[in-house]
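Residue strings, one per chain:
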Amino acid sequence: MTISKLVKFTKLVEIKKDKTIYEVAEDFNIKIKASCDGKGKCGKCLVKATGMLSEPSKAELKLINEKKLSQGYRLACEAVILGDVEVIMEE
Ligand code: FES
């Protein structure tokens, strides 16, 4: 696999309620690919994320293969941030 561009961002933000990676990215005008508007249906919002996140949702278990899940890939629109996280987006 060739990665043409690797985007890594670190933001220290205070989140007043549990939000998904997708929602927080939107709050900071960070574009994440999505063709289902964050409804957990397209699988386009795949990011690599580590840290305190919710358990993989049914949509993630359906749309992400086991190998990628074990490597830390998540759907940005489904993974809820519960604490410190690091997110890597590949373009
Ligand atoms: S935006 Fe479509 S699955 Fe996340």
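Residues numbered from 1 in each chain as written. Predicted model: local features only at pLDDT ≥ 70, side-chain atom pairs only at ≥ 80, totals over all residues.

Draft legend 1. Quick look at the overall build of the protein. Of regular secondary structure, the protein possesses three helices and five strands. Overall, the protein shows an N-to-C arrangement of helices and strands of β-β-α-β-α-α-β-β. For the protein, the residues scored as buried account for 20% of the 91 residues in total. Partitioning the contacts of the protein with sequence separation of at least 6, the portion at a separation of at least 24 is 67%. (Helix = DSSP H or I, 4+ residues; strand = E, 2+ residues; numbered from the N terminus. Buried ≥ 20, exposed ≤ 12 C-beta atoms within 10 Å, placed from the backbone. Contact = placed C-beta atoms within 7 Å.)

Draft legend 2. Highlighting the environment of C42. Tracing the backbone shows C42 in the loop between α1 (21-27) and β3 (46-53). Along the sequence, C42 and L75 sit 33 residues apart, while their C-alpha atoms lie 9.6 Å from each other. The residues touching C42, leaving out its near neighbours within four places in the chain, are A34, S35 and C36.

Draft legend 3. How the structure looks around unusual backbone geometry. Of note, the phi angle at N29 is positive, near 55°, even though the residue is not glycine. Here N29 shows up in the loop between α1 and β3. Take N29: there are 6 C-beta atoms within 10 Å of it, and that puts it in the exposed class. Its identity is not glycine, yet D37 carries a phi of approximately 60°, on the positive side. Topologically, D37 is positioned in the loop between α1 and β3. Classification of D37 by C-beta neighbours within 10 Å gives exposed; the count is 9.

Draft legend 4. Molecular detail of the environment of C77. Here C77 lies in the loop between β4 (73-75) and β5 (80-90). A residue is classified by how many C-beta atoms lie within 10 Å of it, and C77, with 27 of them, is buried. Setting aside anything within four residues of it in sequence, one finds C77 in contact with T20, Y22, A34, G38, K39, G40 and C45.

Draft legend 5. Looking closely at the nonpolar core. In terms of nonpolar packing, the biggest core is built from 14 residues, with I21, Y22, I32, C45, V47, L75 and A76 touching the most fellow members. Mapped by element, the contributors of at least two residues to this core are α1 and β5. If we ignore the near neighbours within four places in the chain, the residues touching Y22 are I32, A34, G38, C45, A76 and C77. (Core = buried A, V, L, I, M, F, W, Y, C linked by C-beta atoms within 7 Å.)

Draft legend 6. View of the confidence of the model for the protein. Residues with a pLDDT of 70 or more make up 82% of the protein, whose mean pLDDT is 85. In this model, residues 1-6 is a region of pLDDT below 50 whose contacts with residues beyond four sequence positions or in other chains number five contacts. (pLDDT = per-residue confidence, 0-100.)

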